[in-house]
Amino acid sequence: MMKKELAHIRKQFKLDHHMLEVFNILNVYIMKESNEIYHCERQSFSLVDREKQELYMANFKKLLTGELDQKMFELKFQEDAETPSQVLLHQGLVTGNPEEWQDLMLLLVDKMLADTKYERDTVITFVHGQYFKPTKLRNEEAEVSEKDEMFANPFILCSVNSTEQQRKTLMFDYVEREFKYNVFVDPIIKLNSPEQGFFYPSVTDNYSDMNRVLYCTGKANEPNWHFIEQVLNAEKTVTAQEERVIFEEIVKEVAGDQLDASTIAHVYEEIHRVIETNEEEEPPKLDYKDVERMLSVSGVENVTLEKVERAFQTVVDNKNYELKASSVLPKFTSKSIKIDTKVATISVSPQDLKYVKQVNYQGKRCILIEVDEDAVIEGFTLSTETL
């Protein structure tokens with residue numbers, strides 16, 4: 001799945017959008033004490049109150065918001081699962097019977113309850129619908145506009161949301177003209193912060209990919225592996241955070257663990273250039289040959305292809321492993337790099353890292369940052385000292 005494909009799907013999730021249809025919605029309430037279904041309710045989405053529809057749409061959009069490989073993971077299904085969820089999802093996708101669709105989704109809920117203890121009451125929401133995507137015209141001279149020819153893409157979306165108890169409040173009664181202590185016993189469903197969920201099927205080259213599912217987690221780089229493997233029956237993947245650690249370990253194997261900021265900045269600039277100049281549909285990946293070239297042009301000494309190949313074999317036990325370029329590069333234009341010291345934490349962007357140096361001044365290590373304007377602290381402009 002490409003970033004632009006995910007963005008196209010996400011922007012459809014708003015009321016009255018002409019390129020989205022939601023057929024049915026199923027809500028399942030799980031009690032934490034018994035870890036069982038307390039209540040189950042299926043409705044035609046068109047019959048749901050409009051105010052509720054808006055809350056659900058905001059929840060679905062929030063679920064599908066985040067960076068790929070950090071909060072969103074495109075996963076392949078396991079080939080040897082005993083009761084494959086892929087079959088349940090595909091059957092639910094193609095059935096035109098709402099009751100059969102509900103029964104299939106409840107089988108997925110049973111898998112969510114197995115070997116899992118929920119800390120709070122939880123609501124699992126499923127929706128069945130379809131979104132549309134314009135196709136490219138075969139005849140460029142045709143009078144029919146691009147929007148008149150569409151691909152219909154059926155989907156199933158699942159959002160898992162915990163609940164919380166409402167706070168005790170002091171209220172003022174306008175009629176009785178008195179202050180009242182009020183306790184609400186009904187729990188609040190936290191639709192604004194879904195814990196996890198999925199979107200099936202995923203999309204490859206603008207086509208629905210029945211062999212992949214898009215898993216969504218509420219916390220970046222913290223996917224629920226039990227949910228992925230036991231509920232979705234999907235294969236584990238590597239998060240962007242883990243891939244960045246792999247890249248760092250490979251570089252340390254080749255160049256050692258001490259590099260100046262300028263060299264690190266050049267490496268990041270090379271990765272950024274690869275991403276920006278990529279003309280393929282798939283996001284660019286880096287093999288040991290790419291890493292060797294980047295380290296060499298960035299000024300790292302004594303780099304050889306054999307040494308980098310050996311580093312890949314040492315770190316990931318696979319010399320042919322490919323790193324996603326977007327995963328190993330911190331956000332290039334934002335202050336995504338933290339320089340932690342005992343005195344202060346400094347945030348810089350990868351493109352500005354070249355202006356940072358660690359120097360020895362009067363026998364003490366110091367961080368030197370080149371700036372082109374006066375530094376201001378709490379409204380005071382720092383005076384410039386000549387060393």
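Since the model is a prediction, treat every value here as computed from it, not as a measurement.

A. Region of interest: the overall build of the protein. Assigned secondary structure in the protein consists of 10 helices and 20 strands. Seen through its C-alpha atoms, the protein measures out along the principal axes to roughly 75 × 70 × 55 Å. Evaluated residue by residue, the protein yields a buried proportion of 38% over its 387 residues. The contacts in the protein between residues at least 6 apart in sequence include a share of 63% that link residues at least 24 apart. Accessible surface, the protein as shown: approximately 23,700 Å² in total, 47% of it carbon and sulfur. Distance from the positive charge centre (46 side chains) to the negative charge centre (69 side chains) of the protein: 4 Å.

B. Representation of the packing of helix H6 (residues 240–255) against helix H9 (residues 305–316) in the model. Direction vectors running N to C along H6 and H9 enclose 135°, while the axes themselves pass 9 Å from each other. Overall, the two elements H6 and H9 adopt an arrangement that is oblique. Here H6 and H9 pass one another in a crossing that is right-handed. For the pair formed by H6 and H9, the contact residues are Ile 246, Glu 249, Ile 250, Glu 253 and Val 254 on the first element and Lys 307, Val 308, Ala 311, Phe 312, Thr 314, Val 315 and Val 316 on the second. By residue class, the composition of the contact of H6 with H9 is 8 nonpolar, 1 polar and 3 charged.

C. View of the packing of helix H7 (residues 261–277) against helix H8 (residues 288–297). Following both chains from N to C, one finds H7 and H8 inclined at 130°, their axes separated by 9 Å at the closest point. With respect to each other, H7 and H8 are oriented oblique. By crossing handedness, the relation of H7 to H8 is classed as right-handed. Seen from H7, the contacting residues are Val 267, Glu 270, Ile 271, Arg 273 and Val 274; seen from H8, they are Arg 293, Met 294, Leu 295 and Val 297. When its residues are assigned to classes, the contact of H7 with H8 shows 6 nonpolar, no polar and 3 charged.

D. Representation of a negative patch on the surface within the structure. Together, Asp 205, Glu 279, Glu 280, Glu 281 and Glu 282 make up a region of like negative charge exposed at the surface. Among the secondary structure elements, Glu 280 is positioned in the loop between H7 and strand E13 (285–286).

E. Quick peek at the environment of Leu 323. By the secondary structure assignment, Leu 323 is in strand E14 (residues 323–324). Judged by its relative accessible area of 0%, Leu 323 falls in the buried class. Taking C-alpha positions, Leu 323 is 31 Å from Asn 153, a pair spaced 170 residues apart along the chain. When sequence neighbours within four positions are dropped, the list of residues in contact with Leu 323 reads Glu 243, Ile 246, Phe 247, Ile 250, Pro 284, Lys 285, Leu 286, Val 291, Phe 312 and Val 328.

F. A look at the domain arrangement of the protein. Parsing the protein into structural domains produces domain 1 (3–237), domain 2 (241–328) and domain 3 (337–381). On a C-alpha basis, the centres of domain 1 and domain 2 stand 37 Å from each other. Tallying the contact residues gives 5 residues for domain 1 and 5 residues for domain 2. At the boundary of domain 1 with domain 2, total buried surface from both sides reaches about 450 Å², with 24% on carbon and sulfur atoms. For the domain 1 face of the interface with domain 2, the top three residues by lost area are Asp 69, Asp 205 and Asn 221, together amounting to 68%. For the pair domain 1 and domain 2, the interface holds 1 salt bridge. For the salt bridge of Lys 324 with Asp 69, the shortest nitrogen-to-oxygen distance reads 3.0 Å. One can count 2 residue pairs in polar contact (both at pLDDT 80 or more) joining domain 1 with domain 2.

Thresholds applied
Residues numbered from 1 in each chain as written. Predicted model: local features only at pLDDT ≥ 70, side-chain atom pairs only at ≥ 80, totals over all residues. Heavy atoms only, no water. Helix = DSSP H or I, 4+ residues; strand = E, 2+ residues; numbered from the N terminus. Buried < 20%, exposed > 50% of the residue type's maximum accessible area, 1.4 Å probe, protein only. Contact = heavy atoms within 4.5 Å. Areas by Shrake-Rupley, 256 points an atom, 1.4 Å probe, with all protein chains shown as cover. Lys, Arg positive; Asp, Glu negative; His and termini not counted. Charge placed at Lys NZ, Arg CZ, Asp CG, Glu CD. Axes fitted to C-alpha atoms, helices over the stretch in contact; angles between N-to-C directions. Parallel < 35°, antiparallel > 145°, perpendicular 65-115°, else oblique. Left-handed = near helix turned anticlockwise from the far one by under 90°. Nonpolar A, V, L, I, M, F, W, Y, C, P; charged D, E, K, R; others polar. Patch = residues over 30% accessible without salt bridge, like charges linked within 9 Å, V, L, I, M, F, W, Y side chains within 5 Å. Salt bridge = Lys/Arg side-chain N within 4 Å of Asp/Glu carboxyl O. Domains from an automatic or database assignment. Buried area = accessible area lost by both parts, 1.4 Å probe. Polar contact = N/O pair within 3.5 Å; in protein donor to acceptor, adjacent residues only side chain to side chain.

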